[in-house]
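# Chain and residue survey
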Amino acid sequence: SLFSLYRVNGSSMEPSLKHGDIVIVRKADGIWQKQTRKNEDPLLTFQRRQQLDLERTHCHSNGVSWLIHKPPTPTINDIIVFKDPTEYPWKYSIKRVVGLGHQVVMMPSNRYRTTSDFQLDKSSGSRDTGTSMRIASVCVPPLSLWVEGDNIANSKDSLTSHGPITKKLLVGVAEYRIWPPTRIG
């Protein structure tokens, strides 16, 4: 099938998705996918094309890419549904893509910090990062995704549980919330 409905269970994606929301998940890229992404940022379009080119050269099982491409190719900030590697094959998870294959992902402890969070040490002229901050990053393996929940305190994701997920576990990209009626979009 090309589309499916999934119900969100849990609070790991709050405030974007809440417990009980129902989303339409696109399971393939194709001609119709170009219509849903007409107003997409050119940078995201470029990233998607790069990812497709990488997959074409390293994986030959995707079918005719101009007509249909399964699984879909997510980009940064897409919300995806995938088979949870810690409870495979019985559980599906829904998370946000933070990193694609061959990208370096910063850990949350320093991802959300700005330069104003650092203090300038006037005697040496260098920036003091403080003793509590760790500078850490992860390089995502090829044909893998780094996923995280929006509610970091209540999420089992690549950071806290299973690490990067392979694209073989990808089910699809969440496109639209159709339930509840007050939050359609």
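Refer to the structure above for everything that follows.
Read on for a plain summary of the structure. Everything numeric here is computed off the predicted structure, so don't read it as measured data. (Residues numbered from 1 in each chain as written. Predicted model: local features only at pLDDT ≥ 70, side-chain atom pairs only at ≥ 80, totals over all residues. Heavy atoms only, no water.)

## Side note on the sheet that holds strand S2 (residues 22-26)
Let me state the cut-off plainly: In short, DSSP must find at least two bridges between two strands for them to pair. Going along the chain from the N terminus, every DSSP run of H or I of four or more residues is numbered as a helix, and every run of E of two or more is numbered as a strand.
The strand order across the open sheet formed by 7 strands is S1-S2-S13-S5-S6-S11-S12, and the pairing between neighbours is antiparallel. Strands at the two margins of the open sheet, each flanked by one partner only, are strand S1 (3-7) and strand S12 (165-166). Both strand S5 (residues 79-83) and strand S6 (residues 92-100) contribute to a ladder of 5 bridges, which runs antiparallel. Across the sheet, the residue bridging to Phe82 is Ser93, located in S6.

## Examining the pairing of S5
So the rule is basically this: For every residue, the accessible area (1.4 Å probe, protein chains only) is compared with the maximum for its type, and the residue is labelled buried under 20%, exposed over 50%, or partly exposed between those bounds.
Burial analysis of S5 places 4 of its 5 residues in the buried class, which makes it a mostly covered element. Both S5 and strand S13 (residues 170-179) contribute to a ladder of 3 bridges, which runs antiparallel. Of the residues in S13, the one forming a bridge with Val81 is Gly172.

## Here's the deal with the pairing of S2
Counting buried positions over the 5 residues of S2 gives 4, a clear majority of the element. Here 5 bridges tie S2 to S13, and the two strands are oriented antiparallel to one another. Each residue of the ladder has a partner; that of Ile24, found in S13, is Tyr176.

These results come straight from atomic positions and should not be treated as a statement about function.
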